[in-house]
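Here is how the chains run, residue by residue.
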Amino acid sequence: MNAGFSRSPFSFGVLRRYVIIALVALMGWGLYKTIINPLFVTAPTGDFEVRQGDILLSDKKYDEALERFDAALMISPDHRGALMGRALVFLQTGQDAEAEAALTGLIDGLSTTLEPDDATGRGALAAAYANRGILYDRMGEFEKALANYILALRVDAEAVSGPDIFDKILYEARPSSIEARAKYLDEQLQLPEDQRILRVPEIDARQRMHKP
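Residues numbered from 1 in each chain as written. Predicted model: local features only at pLDDT ≥ 70, side-chain atom pairs only at ≥ 80, totals over all residues. Heavy atoms only, no water.

**Quick notes on the overall build of the protein chain**
Okay, step 1: Along its length, the protein chain carries ten helices and zero strands.
Okay, step 2: Seen in sequence order, the protein chain has helices and strands lined up from the N terminus as α-α-α-α-α-α-α-α-α-α.
Okay, step 3: Counting all 212 residues of the protein chain, 37% fall into the buried class.
Okay, step 4: Here the contacts in the protein chain between residues at least 6 apart in sequence split such that 62% fall between residues at least 24 apart. (Helix = DSSP H or I, 4+ residues; strand = E, 2+ residues; numbered from the N terminus. Buried < 20%, exposed > 50% of the residue type's maximum accessible area, 1.4 Å probe, protein only. Contact = heavy atoms within 4.5 Å.)

Rendered as structure tokens:
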């Protein structure tokens, strides 16, 4: 009796279809693992809200900018851009105590968690020191300002060296550099107190905030 292949439910045509389905499934899984999944898993959360906040900050819409930075922190409590954004809002609106607390918290957090190869983190830490220096400068605490400028330059001099796109949007005048201000303060603080000129309004007004 002939038990031919035609009687088998697993004919060549069915097997061929199973192989094609398996190959398509494997290809789809590979695409998901290498392209689609990383987009959703590894993308930092809160970035969209921070970008919105940056735009509002550049437009001097401070309350709305603060709301966006706070929204980012609800999603990602340690988001560096959001923490820096809040500090800049406080700096721009003369809320000195809030600005100092925000910058000190950011500095403390970065100082304890920063990895040696984290270039972005170094830039954020340098910017936080620079901004805290500007705050102390405005408050008349010049020794503390100089100390923070020096720390900023030691951490990442390039990150606080000159204006970037954010500065060109946020400031009309050409901003002064942290290095130039630090050198000036250092020179003046070495003079007798009655000979020091620590404030030059037309220059001080050009000091820029730093945002990595």
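**Some details on the side chain of D118**
Okay, step 1: With respect to the secondary-structure elements, D118 resides in the loop between α5 (96-113) and α6 (119-139).
Okay, step 2: In terms of polar contacts, D118 uses its side chain to reach the side chain of R80, at 2.6 Å. (Polar contact = N/O pair within 3.5 Å; in protein donor to acceptor, adjacent residues only side chain to side chain.)

**Regarding the packing of helix α2 (residues 47-58) against helix α3 (residues 62-75)**
Okay, step 1: The N-to-C vectors of α2 and α3 enclose an angle of 165 degrees; their axes lie 8 Å apart at closest approach. With respect to their mutual orientation, α2 and α3 come out roughly antiparallel. Regarding α2 and α3, the two cross each other, and that crossing is left-handed. Here α2 contributes E49, V50, Q52, G53, D54, L56 and L57 to the contact with α3, which in turn contributes Y62, E64, A65, R68, F69, A71, A72 and I75. (Axes fitted to C-alpha atoms, helices over the stretch in contact; angles between N-to-C directions. Parallel < 35°, antiparallel > 145°, perpendicular 65-115°, else oblique. Left-handed = near helix turned anticlockwise from the far one by under 90°.)

**Let's talk about unusual backbone geometry**
Okay, step 1: Phi at K60 is positive, roughly 65 degrees, even though this residue is not glycine.
Okay, step 2: For K60, the position within the fold is in the loop between α2 and α3.

**With respect to the environment of K183**
Okay, step 1: Assignment of secondary structure puts K183 in helix α9 (residues 178-189).
Okay, step 2: Classification of K183 by relative accessible area gives partly exposed; the value is 49%.

**Let's talk about the confidence of the model for the protein chain**
Okay, step 1: Here the protein chain averages 79 in pLDDT, while 66% of its residues score no lower than 70.
Okay, step 2: The secondary structure element of the protein chain with the lowest average pLDDT is helix α8 (residues 165-170), at 42, and the one with the highest is α3, at 96.
Okay, step 3: In the predicted structure, residues 168-174 sits below a pLDDT of 50 and forms ten contacts with residues beyond four places in sequence or in another chain. (pLDDT = per-residue confidence, 0-100.)

**A word on the nonpolar core**
Okay, step 1: In terms of nonpolar packing, the biggest core is built from 43 residues, with M84, V89, Y149 and L185 touching the most fellow members.
Okay, step 2: Elements that contribute at least two residues to this core include exactly α2, α3, α4 (80-92), α5, α6, α7 (142-156) and α9.
Okay, step 3: Beyond its immediate stretch of four places on either side in the chain, V89 contacts L57, Y62, A65, L66 and F69. (Core = buried A, V, L, I, M, F, W, Y, C linked by side-chain atoms within 4.5 Å.)

**Let's talk about the pattern of salt bridges**
Okay, step 1: One pass over the structure, following the stated rule, counts six salt bridges.
Okay, step 2: A salt bridge links D137 to R181, with the shortest nitrogen-to-oxygen separation between them at 2.8 Å. Separated by 44 residues along the polypeptide, D137 in helix α6 and R181 in helix α9 bring together distant segments of the chain. Assigned by exposure class, D137 and R181 land together as buried.
Okay, step 3: Where E179 meets K183, a salt bridge forms, and the shortest distance between an N and an O atom there is 3.4 Å. One end of the pair is E179 and the other is K183, both in helix α9 and four residues apart, which spans about a single turn.
Okay, step 4: On the accessibility criterion, E179 (41% relative accessible area) is partly exposed. (Salt bridge = Lys/Arg side-chain N within 4 Å of Asp/Glu carboxyl O.)

**Describing the environment of A119**
Okay, step 1: On the secondary structure map, A119 appears in helix α6.
Okay, step 2: Residue class for A119 comes out partly exposed when judged on its relative accessible area of 43%.
Okay, step 3: Considering only alpha carbons, one finds A119 and D156, 37 residues apart in sequence, at a separation of 8.8 Å.

**Things to note about α3**
Okay, step 1: Its 14 residues place the ends of α3 20 Å apart at the C-alpha level, agreeing with the 20 Å of an ideal helix rising 1.5 Å per residue.
Okay, step 2: Those residues of α3 that fall on the buried side of the exposure criterion are Y62, A65, L66, R68, F69, A71, A72 and L73.
Okay, step 3: Where α3 is buried, its residues contact α2 and α4. (Expected span 1.5 Å × (residues − 1).)

**Things to note about α7**
Okay, step 1: With 15 residues, α7 ought to run about 21 Å at 1.5 Å a step, and its terminal C-alpha atoms sit 21 Å apart, in line with that.
Okay, step 2: Regarding α7, the residues found buried are F142, A145, L146, N148, Y149, A152 and D156. All buried residues of α7 lie within an arc of 165 degrees about the axis, which places them on one face of the element. Counted as exposed and oriented over 90 degrees from the buried face of α7: E143 and R154.
Okay, step 3: On the buried face of α7, the contacting elements are α6 and α9. (Arc of directions from axis to C-beta.)

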